[in-house]
Each structure stands twice: as C-alpha cells, then as structure tokens.
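Structure assessment
Below are the chains, spelled out letter by letter.
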Amino acid sequence: MFQIDAMSRTPVYEQIISQVEKFILGGVLRAGDQLPSVRSLSIELSVNPNTIQKAYGELDIRGIISTVPGRGCFVTETARNTLRARSRQKLSLLEEIVAELWAAGVTREELEAAVDRGVRKENAP
C-alpha cells in the first residue's frame, strides 16, 4: 500500500503523511480504519520506526488520525472533511499562479491543458 521513493528530496515522513492523506481523500482509508502499526510499517518499508512515528505524530496533530494507547492509530471521523477544506484553501494560491502565468503570456489553452494533465495524474492508478 505505501511506497517510499528513497531518491526523492521529500523526507520519508512527509511521503508517508502525503500518502495517508491521499488514501483518505481517495477513499482507500475511511473513518475508523486502523493504520498499520509503527513496527509493521517500518519493517515493510525498511524505514526507522522513529520516522514512522514522526509521520503518525504529525497526522495526529493535524487531526487526521487519533492514537489510542495500546490499540494503535485510527483515521478520525473528520479526517476527510479536514483534508478537503485544507485542499480548497489552495485555490487562492492557484488563482495567484494563474494570474502570474497569464501575465507572462501563457494562453488559456495551455492553462487548461495543464489542469487536465494534473487531473489525469491524480486519477492514474
């Protein structure tokens, strides 16, 4: 389920956070689902358990998962809505980028093609 790109400039813990968030937004992980244990995921990915713990800790702080001592980490009931709201806030950033690209002479067709490519990437298996 999880995949780590060891050659990426993105730290491993951020890759894990990103994947958990994508799994929740994509419906792979649902409210109440249990995440793999720190130990099992560290073995599966050949990653230090502290790295997994760091990712899970950050997800807990963000309210995406909750940790139940002795039982594990679970997706919160509000995780999907929280992630959707945070993603929608990025629309204003997109508007700024589009305005900058437009001023630089990028055409509407080029902008639409870029959006289409982004949507295809997100929906690719």
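Predicted, not measured: the structure shown is a model, and the values here were computed from it.

**A look at the overall build of the protein chain**
The number of helices and strands found in the protein chain is 6 helices and 2 strands. Start at the N end of the protein chain and walk to the C end: the helices and strands fall as α-α-α-β-β-α-α-α. A compact globule built from 125 residues should have a C-alpha radius of gyration of about 14 Å, whereas the protein chain, at 17 Å, is more than 25% larger. Counting only C-alpha atoms, the protein chain reaches 55 × 35 × 25 Å along its principal axes. A separation of at least 24 residues holds for 49% of the contacts in the protein chain among residues at least 6 apart in sequence. Total accessible area computed for the protein chain in this model is approximately 8,900 Å², and 53% of it derives from carbon and sulfur atoms. For the protein chain, the distance from the average position of its 16 positive side-chain charges to the average position of its 16 negative side-chain charges is 5 Å.

**A word on the confidence of the model for the protein chain**
When pLDDT is averaged along the protein chain, the result is 94; 97% of the residues meet or exceed 70. No element of the protein chain has a lower mean pLDDT than helix 6 (residues 108-123), which averages 89, and none a higher one than strand 2 (residues 72-75), which averages 98.

**With respect to the side chain of Ser42**
On the secondary structure map, Ser42 appears in helix 2 (residues 38-45). With relative accessibility at 8%, the residue Ser42 sits in the buried group. Setting aside anything within four residues of it in sequence, one finds Ser42 in contact with Val47, Asn48, Pro49 and Ile52.

**Considerations on the side chain of Gln19**
Note that Gln19 resides in helix 1 (residues 12-25). Apart from residues lying up to four places away in sequence, Gln19 is in contact with Met1, Phe2, Gln3 and Ile4.

**Considering the pattern of salt bridges**
The full count for this structure, using the stated rule, is 4 salt bridges. The residue Glu21 makes a salt bridge to Arg86 at a minimum N-O spacing of 2.9 Å. Of this pair, Glu21 sits in helix 1 while Arg86 sits in helix 4 (residues 79-88), and the two are 65 residues apart along the sequence. Judged by relative accessible area, Arg86 falls into the partly exposed class, the value being 31%. Via salt bridges that share partners, Glu21, Glu58, Arg62 and Arg86 belong to a single interconnected network.

**Considering the packing of aromatic side chains**
Geometry of an aromatic ring pair is reported as the spacing of the ring centres plus the angle between the planes. Scanning all chains against the criterion turns up 1 aromatic pair. Summarising the aromatic geometry, the rings of Phe2 and Phe23 are spaced 5.3 Å apart at their centres and angled 75° between planes, so their arrangement reads as edge-to-face. Here Phe2 is found in the segment before helix 1, whereas its partner Phe23 is found in helix 1, with 21 residues between them in sequence. Its relative accessible area of 16% is what places Phe23 among the buried residues. The ring of Tyr13 carries Lys54 above its face, with NZ or CZ at 4.1 Å from the centroid.

Basis of the calculations
- Residues numbered from 1 in each chain as written.
- Predicted model: local features only at pLDDT ≥ 70, side-chain atom pairs only at ≥ 80, totals over all residues.
- Heavy atoms only, no water.
- Helix = DSSP H or I, 4+ residues; strand = E, 2+ residues; numbered from the N terminus.
- Rg over C-alpha atoms; globule rule 2.2 N^0.38 Å.
- Contact = heavy atoms within 4.5 Å.
- Areas by Shrake-Rupley, 256 points an atom, 1.4 Å probe, with all protein chains shown as cover.
- Lys, Arg positive; Asp, Glu negative; His and termini not counted.
- Charge placed at Lys NZ, Arg CZ, Asp CG, Glu CD.
- pLDDT = per-residue confidence, 0-100.
- Buried < 20%, exposed > 50% of the residue type's maximum accessible area, 1.4 Å probe, protein only.
- Salt bridge = Lys/Arg side-chain N within 4 Å of Asp/Glu carboxyl O.
- Phe/Tyr/Trp six-rings, centres within 6.5 Å; stacked < 30°, edge-to-face > 60°.
- Lys NZ or Arg CZ within 6 Å of the ring centre and 35° of its normal.

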